[in-house]
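# Reading the structure
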Amino acid sequence: MDALDRLAEPGLDLLRRVDTLIAAGVPEGHRVWPLLRRMQVLPGDAVRGFLDLHPAPLASAGHAVRRLVRGYDDVSAALTDSVLWSGPAATAYGQQRAALLHHLDEGPDSLVGRLESTAGYADALADWVEGSRLALARTLADVLRSAEAVAVVAATGVSTRSGPVGPGVADAAEIAARVLAVLCVAYDGAETLLRQWAPSLAEVAWRPSVEGRPRYDQPTRVGW
């Protein structure tokens, strides 16, 4: 359990009240409007969705992918054994073996290279989730002890299921803006990671040898 998990119950309680107030109307020109248009979700729903993201499964996936590299290492080792025969057939075999070794484990565009990139991407996503959860937890901690939170609670009464019974819409909009802003930054980070890693996660094509020269042919999918 991290800081966001510990703040989830009081945070969601406050955000239910915030959602109730801003659903009834937000002051014109308030900074929350662009954030609402972009996220297309109220802050309570946005946070509930984010609570399901955890870094541990992504980190575990990265470790699992790296364990697959051993199998490729074993195959590569078998292919490097010397051939005790000669002639045209041995030459053709040697060309195909060299192409297969290149395809398996030579550089970032090999199968092993793609596995390592996939594992690295999983690690980067795990770090992104961990950092984003911490940033959201800090924001929730700040708004829970803010004057705006007091006004929102007073405006929505004792029960979170009751409608607004007084002022507090502007305060709710301010809380919504702070929460949605940190989530926008988080999702921008995720999109940046995808752009950065996408070239390293592309398909790897099998390159069989033709007269000693590799050519591109059927794609081989690796990773997720």
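Residues numbered from 1 in each chain as written. Predicted model: local features only at pLDDT ≥ 70, side-chain atom pairs only at ≥ 80, totals over all residues. Heavy atoms only, no water.

## So, unusual backbone geometry
Residues other than glycine seldom take positive phi values, yet Q40 does so here, at roughly 55°. For Q40, the location among the structural elements is in the loop between α2 (32–39) and α3 (43–50). (Helix = DSSP H or I, 4+ residues; strand = E, 2+ residues; numbered from the N terminus.)

## Digging into the pattern of salt bridges
If the charged atoms of two oppositely charged side chains come close together, the side chains can form a pair. One pass over the structure, following the stated rule, counts 10 salt bridges. Linking D109 and R114 is a salt bridge whose minimum nitrogen-to-oxygen distance equals 3.2 Å. One salt bridge in this structure joins R145 and D142, with 2.9 Å as the shortest N-O distance. Residue classification places R145 among the exposed positions, given a relative accessible area of 63%. Overall, D142 belongs to the partly exposed group, its relative accessible area being 31%. (Salt bridge = Lys/Arg side-chain N within 4 Å of Asp/Glu carboxyl O. Buried < 20%, exposed > 50% of the residue type's maximum accessible area, 1.4 Å probe, protein only.)

## Focus on the nonpolar core
Formed by 42 residues in total, the largest nonpolar core has its most connected members in V18, V47, L136, I175 and L183. The dominant element in this core, judged by the number of residues it contributes, is helix α9 (residues 169–197), at 13 residues. When near neighbours in sequence (up to four residues on either side) are disregarded, L136 contacts L4, V47, F50, V179, V182 and L183. (Core = buried A, V, L, I, M, F, W, Y, C linked by side-chain atoms within 4.5 Å. Contact = heavy atoms within 4.5 Å.)

## Comments concerning the confidence of the model for the protein
Looking at the protein, the pLDDT average stands at 84 and 87% of residues meet or exceed 70. In this model, residues 158–166 is a region of pLDDT below 50 whose contacts with residues beyond four sequence positions or in other chains number 19 contacts. (pLDDT = per-residue confidence, 0-100.)

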